[in-house]
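Chains, contacts and geometry: an overview
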Amino acid sequence: MKTLFRLSVMVMLTVACNKSEEPFIKPVEGGTPQTPVATDEDNPPAEGSDTGNAQGNLDDITTGFESLSALYGYQGAQIAITRNGKLIYLESFGKADIESNIGVDETSLFRIASISKPITLLAISKLVAENKLDLDATVFGPNSILGTEYGTPPYEAGEENITVSHLIEHRAGFTDEPIDIMFDDISLTQNDLIGKVLDERSLVYSPGEKYEYSNFGYSLLGRIIEKVTEQPYEEYVKDAILVPMGISDMNIGGNTKEEAFENEVSYYSNWMSPYELNVSRMDSHGGWISSAKSMALLAVHTDVNTSVVDFLPPDAGVSYLRFGTWSHDGALPGTTAVMNVGHPISYVVLLNKGEANFTATIQNIREFMNSKISNRTDWPTENLFDTQ
C-alpha cells in the first residue's frame, strides 16, 4: 500500500510540474509568445524617460495581497515589481517559519521550482552565443554531446536523433508515463535516472513531433551544460550568469529542513511533505532557491530593454528569451512561484505554501497582479535596487 500511495503522489507531482506552466509558456514555432501581462502603456516611453510619479503609492497592492493571503491561507510571500528597469516595489508578507514565529523579509529565500528552467535556458543561450554549443547537436550516441556515458548502448534510433533544441522546446519525445522520472526514488542519482529512462523507456513520439512538457529534458540540459563547460551546473550558472547580474543569494536548494540555507523559509503543504523531495537532484529543471529581489534583477537583465543592459546581446536569447516578454510558473508541495517578464513592467511572486490546487493558486495570483498593473498611471520612480 505504501508503494502505491507514493506512486499516486508522484503522478500528482508530475501534473504539478507539467500543467502549472504549460498554459503560460507556449512552444515557439516561428512566432512570438503571448505578451504575458497588460501594462500601463500601449507604447513604452522613450529611452531614459519615466512617466511615473515620485510620490506614486502602491499600498493598494500590499493591502490587496494581504487580503488575498487571508482568503486563501498563504503562509509567507514576497513580491517584487520592476518598471523601466527600476525595482519599484519590494514587499514581504507573513511567516517564513510559523513554529519559530519568524517573519518573511527581503532576504528570505524561497524554492522557485520550475522557474529554474529559464535560468538553465540563459546558460544554454550564453553557450550558443559563444559558439560553444550547437542547438542542432545530437545529445546521445556516437559523435553526440553526451555520447554513450548514460544507460546501456546501443540506443534506440529515435533517442540518437534528439537534439539540444528538442530538449529546450519540450519536443524530445519523452513522456511522464508511468510517472515523471524526476520524482522517482529520491535515493537515485541523476545518472541513475538518465540511465533508467534510456534503458527502460522508449520514446512515445519522434523527436520534434509533439510538445510534451518534460522536467527530464531540462535535467538533460543541465548535464549538457556540465559537459560543455567542464564545470558543475550550479557553479557555472553562478559564475557565468548570476554573478554578472549582481545576484549572490541564489543556490540549488537542499532536500531536508536541516539542509536549508540561512534565511531560507520553511515550506508548508497538506499535499505532501515538502521535505520528502530530492530538490538538489532537480537542479536544472526545478532546484534553485532565490529571493524575489534577485529574480527581479534577472528580469530586468532579460527583458530586451536597454535601460538596463541585458545579459545577452540582442537576439542572442534562445527560444522565448529572445523576445523579452516571457513568463514561467513553478509548483511543488510547499512552493508556488509566479514570474512575468516584459517591458515596461515585470513581476515575481514567491510563496512558501503549495497545494494540489496549484493551478488555481497561480491563476489567482496572476489575476491579482494583472489587475493591479493594467492601466495604472501613478507609479513611484525611486529605484529600490539602489536603496535596499
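Residues numbered from 1 in each chain as written. Predicted model: local features only at pLDDT ≥ 70, side-chain atom pairs only at ≥ 80, totals over all residues. Heavy atoms only, no water.

**Considering the side chain of Lys126**
Along the chain, Lys126 falls in helix α3 (residues 116-129). Reaching out from Lys126, the side chain makes a polar contact with the side chain of Glu130 at a distance of 2.8 Å. Residues contacting Lys126, with those up to four places away along its chain left out, are Tyr236, Ala240, Ile241, Phe311 and Leu312. (Helix = DSSP H or I, 4+ residues; strand = E, 2+ residues; numbered from the N terminus. Polar contact = N/O pair within 3.5 Å; in protein donor to acceptor, adjacent residues only side chain to side chain. Contact = heavy atoms within 4.5 Å.)

**What to know about the pairing of strand β8 (residues 335-341)**
Most of β8 sits out of view: seven of its seven residues are buried. With burial as the criterion, each face of β8 is covered, one bearing Thr335, Ala337, Met339 and Val341 and the other bearing Thr336, Val338 and Asn340. Here strand β7 (residues 326-332) folds back onto β8, and the loop between the two strands holds two residues, one of which, Gly334, carries a positive phi near 90°. Counted along the chain from β8 to the antiparallel partner strand β9 (residues 345-351), the turn is three residues long. (Buried < 20%, exposed > 50% of the residue type's maximum accessible area, 1.4 Å probe, protein only. Pairing = 2+ DSSP bridges.)

**Here we look at helix α6 (residues 215-229)**
An α-helix turns once per 3.6 residues; consequently, residues spaced three or four apart project the same way. Compared with the 21 Å implied by 1.5 Å per residue over 15 residues, the 22 Å span of α6 between its first and last C-alpha is a close match. Most of α6 sits out of view: twelve of its 15 residues are buried. Residues of α6 that are buried: Asn215, Phe216, Gly217, Tyr218, Ser219, Leu220, Leu221, Gly222, Arg223, Ile224, Ile225 and Thr229. Sitting at the amino-terminal end of α6 is Ser214, which places a side-chain oxygen 3.4 Å from the backbone nitrogen of Phe216. (Expected span 1.5 Å × (residues − 1).)

**A few points about the environment of Leu90**
Along the chain, Leu90 turns up in strand β2 (residues 86-97). Between the C-alpha atom of Leu90 and that of Val348, which follows or precedes it by 258 residues, the distance is 9.8 Å.

**A short note on empty space enclosed by the protein**
Tallied over the entire structure, the rule returns four cavities of 30 Å³ or more. Empty space within the second largest cavity amounts to approximately 50 Å³. Around the second largest cavity, the lining residues are Arg111, Gly254, Thr256, Lys257, Glu259, Ala260, Glu264, Val265, Tyr267 and Tyr275. A per-class count over the lining of the second largest cavity returns four nonpolar, two polar and four charged. (1 Å grid on protein atoms, 1.4 Å probe; cavity = no way out; pocket = protein on both sides within 12 Å on 5 of 7 lines; lining within 4 Å. Points joined across faces, edges and corners; volume = space filled by probe spheres on them. Nonpolar A, V, L, I, M, F, W, Y, C, P; charged D, E, K, R; others polar.)

**As for the sheet that holds β9**
Spatially, β3-β2-β1-β9-β8-β7 is the arrangement adopted by the six strands of the open sheet, whose pairing is antiparallel. What marks the edges here is a single partner per strand, and that holds for β3 (102-103) and β7. Sheet topology note: the β7/β8 ladder contains seven bridges and is antiparallel. When the bridges of β8 are listed, Ala331 appears paired with Thr336. Across the sheet, helix α2 (residues 59-72) is in contact with β1 (76-83), β2 and β9; its angle to β2 comes to roughly 30°. (Axes fitted to C-alpha atoms, helices over the stretch in contact; angles between N-to-C directions.)

**Re the pairing of β2**
The side chains of a regular strand alternate between the sheet's two faces. As defined by bridge partners, β1 adjoins β2 across eight bridges and the pair is classed as antiparallel. The residue of β2 that forms the bridge with Ala77 is Phe93. As defined by bridge partners, β2 adjoins β3 across two bridges and the pair is classed as antiparallel. Bridge pairing in β3 links Asp97 to Ile102. Hairpin connection, β2 to β3: the antiparallel pair is bridged by four residues, and Asn101 has positive phi, about 55°.

**With respect to the nonpolar core**
If you look at the biggest cluster of nonpolar residues, it comprises 78 residues, and the most contacted ones within it are Leu167, Phe174, Ile224, Ile241, Trp288, Leu298 and Met339. Looking at which element gives the most residues to this core, the answer is helix α9 (residues 292-300), with seven residues. Membership of the second largest hydrophobic core comes to 22 residues, among which are Tyr74, Ile81, Phe93 and Leu351. (Core = buried A, V, L, I, M, F, W, Y, C linked by side-chain atoms within 4.5 Å.)

**Here we look at the packing of aromatic side chains**
For the coordinates displayed, the defined rule picks out ten aromatic pairs. Ring geometry for Phe65 versus Tyr74: centroids 5.9 Å apart, planes at 35°, classification tilted. Here Phe65 and Tyr74 have matching classes, each one buried. Centre to centre, the rings of Tyr320 and Trp326 are 5.9 Å apart; their planes meet at 45°, and the pair counts as tilted. The same class applies to Tyr320 as to Trp326, namely buried. Taken together through their ring pairs, the aromatic side chains of Phe65, Tyr72, Tyr74, Phe93 and Phe368 make up a single cluster. For Arg111, the ring lying beneath its charged end belongs to Tyr267, and the centroid distance is 4.4 Å. Note that Arg376 overlies the ring of Trp379, its terminal NZ or CZ placed 5.6 Å from the centroid. (Phe/Tyr/Trp six-rings, centres within 6.5 Å; stacked < 30°, edge-to-face > 60°. Lys NZ or Arg CZ within 6 Å of the ring centre and 35° of its normal.)

**What about the packing of helix α5 (residues 190-200) against α6?**
Two numbers describe how α5 lies on α6: the axes approach to 11 Å, and their chain directions differ by 125°. For the element pair α5 / α6, the angle class is oblique. Note that α5 runs across α6; the crossing there is left-handed. Counting all contacts with α5, which are made through Gln190, Leu193, Ile194 and Val197, the residues of α6 involved are Phe216, Leu220 and Arg223. Among the residues forming the contact of α5 with α6, the class breakdown is five nonpolar, one polar and one charged. (Parallel < 35°, antiparallel > 145°, perpendicular 65-115°, else oblique. Left-handed = near helix turned anticlockwise from the far one by under 90°.)

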